[in-house]
Amino acid sequence: MKPIVQQNLILTFPPSRNHSHTKDGRPKTPYRYYMKEAVWAIQEYKKYVLSKKNRVEFPLKKVCISFYLYWPNLRRSDADNRLKAVKDALTKGGLIEDD
């Protein structure tokens with residue numbers, strides 16, 4: 001059995017996926033900015049992990065992910081729509097395998 005390793009990756013608050021794309025399928029500006037920033041952070045995190053000479057191969061195939069969202073205001077919002085953007089960034093950044 002392989003050991004379980006816990007790592008923390010902190011990203012900025014994601015935009016909602018409800019209104020992230022225009023009618024013709026192009027991503028809107030807040031979503032594009034979030035993806036650019038999050039993918040950069042994920043790629044830097046991968047470089048850090050690989051620099052520690054760990055035997056890690058990316059993308060990871062089996063992962064257990066815990067999300068902690070800290071809302072910047074008191075407005076109610078659907079957490080699942082926010083997590084879709086995070087999962088998209090993790091996949092696009094090459095950290096986890098696409099399902």
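Residues numbered from 1 in each chain as written. Predicted model: local features only at pLDDT ≥ 70, side-chain atom pairs only at ≥ 80, totals over all residues. Heavy atoms only, no water.

## Considerations on the side chain of arginine 82
Thinking step 1. Residue placement: arginine 82 occurs in helix H2 (residues 79-92).
Thinking step 2. It is aspartate 78 that comes nearest to the buried, bridge-free arginine 82 among opposite-charge side chains, at 8.4 Å.
Thinking step 3. Within the local environment of arginine 82, its side chain forms a polar contact with the side chain of serine 77, the two groups lying 3.3 Å apart.
Thinking step 4. Excluding its chain neighbours within four sequence positions, the residues that come into contact with arginine 82 are Phe13, Pro14, Pro15, Ser16, Leu69 and Ser77. (Helix = DSSP H or I, 4+ residues; strand = E, 2+ residues; numbered from the N terminus. Buried < 20%, exposed > 50% of the residue type's maximum accessible area, 1.4 Å probe, protein only. Lys, Arg positive; Asp, Glu negative; His and termini not counted. Salt bridge = Lys/Arg side-chain N within 4 Å of Asp/Glu carboxyl O. Polar contact = N/O pair within 3.5 Å; in protein donor to acceptor, adjacent residues only side chain to side chain. Contact = heavy atoms within 4.5 Å.)

## Overview of the pattern of salt bridges
Thinking step 1. Evaluation of the coordinates by the stated rule reveals four salt bridges.
Thinking step 2. We note a salt bridge from arginine 17 to aspartate 88, for which the minimum N-O separation is 3.3 Å. Linking arginine 17 in the segment before helix H1 (29-51) with aspartate 88 in helix H2, this pair joins segments that are 71 residues apart in sequence.
Thinking step 3. For lysine 47, the salt bridge goes to glutamate 44, with nearest N and O atoms at 3.2 Å. Of this pair, lysine 47 and glutamate 44 both sit in helix H1, separated by three residues, roughly a single helical turn.
Thinking step 4. You can call lysine 47 exposed: its relative accessible area is 54%.
Thinking step 5. Using a relative accessible area of 31% as the deciding quantity, one classes glutamate 44 as partly exposed.

## A few points about the packing of aromatic side chains
Thinking step 1. As enumerated under the stated definition, the model contains one aromatic pair in all.
Thinking step 2. Between the aromatic rings of phenylalanine 13 and tryptophan 71, the centroid separation amounts to 5.5 Å while the plane-to-plane angle is 65°, which identifies the pairing as edge-to-face. With phenylalanine 13 in the segment before H1 and tryptophan 71 in the loop between H1 and H2, this residue pair connects regions lying 58 residues apart in the sequence.
Thinking step 3. The partly exposed category is assigned to phenylalanine 13, whose relative accessible area is 28%.
Thinking step 4. Residue tryptophan 71 is classed as partly exposed on the basis of its relative accessible area of 29%. (Phe/Tyr/Trp six-rings, centres within 6.5 Å; stacked < 30°, edge-to-face > 60°.)

## With respect to the nonpolar core
Side chains of a nonpolar character, in soluble globular proteins, are inclined to be buried together.
Thinking step 1. Tyr34, Met35, Ile42, Ala89, Leu90 and Leu95 are the most contacted members of the largest nonpolar core, which has 14 residues in total.
Thinking step 2. At the level of secondary structure, the elements contributing two or more residues to this core comprise H1 and H2.
Thinking step 3. Considering every element that reaches this core, the biggest residue donor is H1, with eight residues.
Thinking step 4. Residues within four places of leucine 90 in sequence aside, it is in contact with Leu9, Ile42, Ile65, Leu95 and Ile96. (Core = buried A, V, L, I, M, F, W, Y, C linked by side-chain atoms within 4.5 Å.)

## So, the side chain of lysine 46
Thinking step 1. Tracing the backbone shows lysine 46 in helix H1.
Thinking step 2. Within the buried core, lysine 46 has no salt-bridge partner, and the shortest N-O distance to an opposite charge, that of glutamate 44, equals 11 Å.
Thinking step 3. Once residues lying within four places of it in the same chain are set aside, the contact partners of lysine 46 are Phe58, Gly93, Gly94 and Leu95.

Taken by themselves, the reported measurements are silent on function.
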